[in-house]
Amino acid sequence: MEILLSTKGNDVRSWRGARDFAASYRGALLDQAASDHFGSADDVFSKSQAELEAIITTHRNLMEQLNGISAEAAAATPSTDLKKLTSSFYNNLYRHFGHFRSASAFYQLSMSFLCQISSTVVAHAIDHLGLFARHLPDISLIAVGPTGRGEYSPFCPLQLLLVHAEVAPSQLQTIALFCHTIHEGFENAGFLMDPAVTPRDEQWRGTLNEWRQRCEEGLQSEEDEDLINLYRLIDQYPLATSTDFDPGLKELRSTVLYGNHPALVYLIGRMTSLSNGIGLMGRLKLERRGKLRGMFRLLDHGLLPLSAALSACALIKNSPEAGSCERIHDLLKRRELDVELAERMLVTWHTLHDLWLQEQSLHYEEHPDKPLLLNAGELSDQQRNVLKEALESVSFIQRHVAIIFSGIGG
């Protein structure tokens, strides 16, 4: 218990979980050295040392390649093949995940690369405008959806919005062209773009005052789509922002949603209605027809309901953090969650994202826009049990978040 809760700070040596692992590893080596089944003690320790050195070398080599690709993206010119760089980066990143199975490391490296690409795409879009670029105001390009939680992968359509400073009406055409160029820039760089949630659409760009008006209108609307779009603002990750420009959208989100009881009631209702993927008889809800028969929708039945619950919890408890794990640590630190629930949330997050990224690593060379489902028939009994436990935890977390909301007057 509390293994994941101890992973705070940048010094892995200070993590209690790391110290416990080192002690367990040392004990296992001593047990092998004392046994007759693994050769002499010198053989055991020599083999272990060689394996550790090989792992360290693999990590260093992959990080060197990843950092090198990021540096190329930073220095890219309009003639640079960004799509090739993106493909190379994620091929190496999935290799890194295959060796070390760390969802947190995958997303941290992925978001760092995405921010670098974003800066490059924005810079190239400004160059493309030529003399018209002088009409551009300060801007902030912000990711929402899974990327807004810092969980971007190539199988995740990139959802973006833009906040810009106040401008004269004559400058709006330049901003529109800029946004179209940005959208195309990401597509040319090999990113799968959401066709609807993009600053290319005028409803996903505007000044802070325009965003405030949209929020107020969304709260008054009876259309589900308007409220869903409003809830997208819960998860925000800035990708590229003009120097000294504060978009203020995160604060607006908190002001508009946090204090609106009917909006929170609707949000909690949607969150609890999402399926956790387990049927009445305790079986996985598998696809029953067509080519997808026997497949399990991990995204729909696992990641989406978990993310919705964690985002709702962060909103009703007014956590300023963007990432799911960071939000859990923040709420625990503020004693809004107890240790047992926080650990269960973290374990569930890591379990589901480990499965999600593991499945992606098998299909990245294919088309990332194809549906990605788990083949339940290929899961071992242990994997199936781990998945079921995680999905049961999703349901538990959903109910608990609803209880937290009711406890504050919901």
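Attention here is on the structure that accompanies the text. (Residues numbered from 1 in each chain as written. Predicted model: local features only at pLDDT ≥ 70, side-chain atom pairs only at ≥ 80, totals over all residues. Heavy atoms only, no water.)

A look at the state of the cysteines
The cut-off we apply is this: Cysteine sulfur atoms that pair up within 2.5 Å are treated as a disulfide. Throughout, exposure labels follow a simple rule: accessible area from a 1.4 Å probe, protein chains only, divided by the maximum for the residue type, with under 20% read as buried, over 50% as exposed, and the rest as partly exposed.
Scanning the model with the defined rule gives 0 disulfides in all. No disulfide involves C179; its sulfur sits 18 Å from that of C215, the nearest cysteine. Given a relative accessible area of 0%, C179 falls into the buried group.

A word on the sheet that holds strand β1 (residues 139–144)
Backbone hydrogen bonds hold the strands of a sheet together, and the pairing may be parallel or antiparallel. Filter applied, for reference: Two strands make a pair as long as DSSP finds a minimum of two bridges between them. Secondary structure elements are defined from DSSP: runs of H or I of at least 4 residues count as helices, runs of E of at least 2 residues count as strands, and each element is numbered from the N terminus.
Taking strand neighbours across the sheet as the criterion, the 4 strands line up as β3-β2-β1-β4 in an open arrangement whose pairing is mixed. Strands with a single pairing partner mark the edges of an open sheet, and in this sheet they are β3 (205–206) and β4 (237–241). As paired elements, strand β2 (residues 159–164) and β3 share 2 bridges and run parallel to each other. Looking at the pairing, L162 lines up with R205 of β3.

Details of the pairing of β2
We apply this condition: With strands facing away from the observer, any crossover in which the path from the first strand over the helix to the second runs clockwise is taken as right-handed.
In terms of burial, β2 is largely enclosed, as 6 of its 6 residues are buried. The alternating pattern of β2 places Q159, L161 and V163 on one face and L160, L162 and H164 on the opposite face, and all of these are buried. Two elements, β1 and β2, share 6 bridges in a ladder whose sense is antiparallel. Directly across from L141, in β2, lies its bridge partner L162. Between the parallel elements β2 and β3, the chain passes through helix α5 (residues 172–188) in a crossover that is right-handed.

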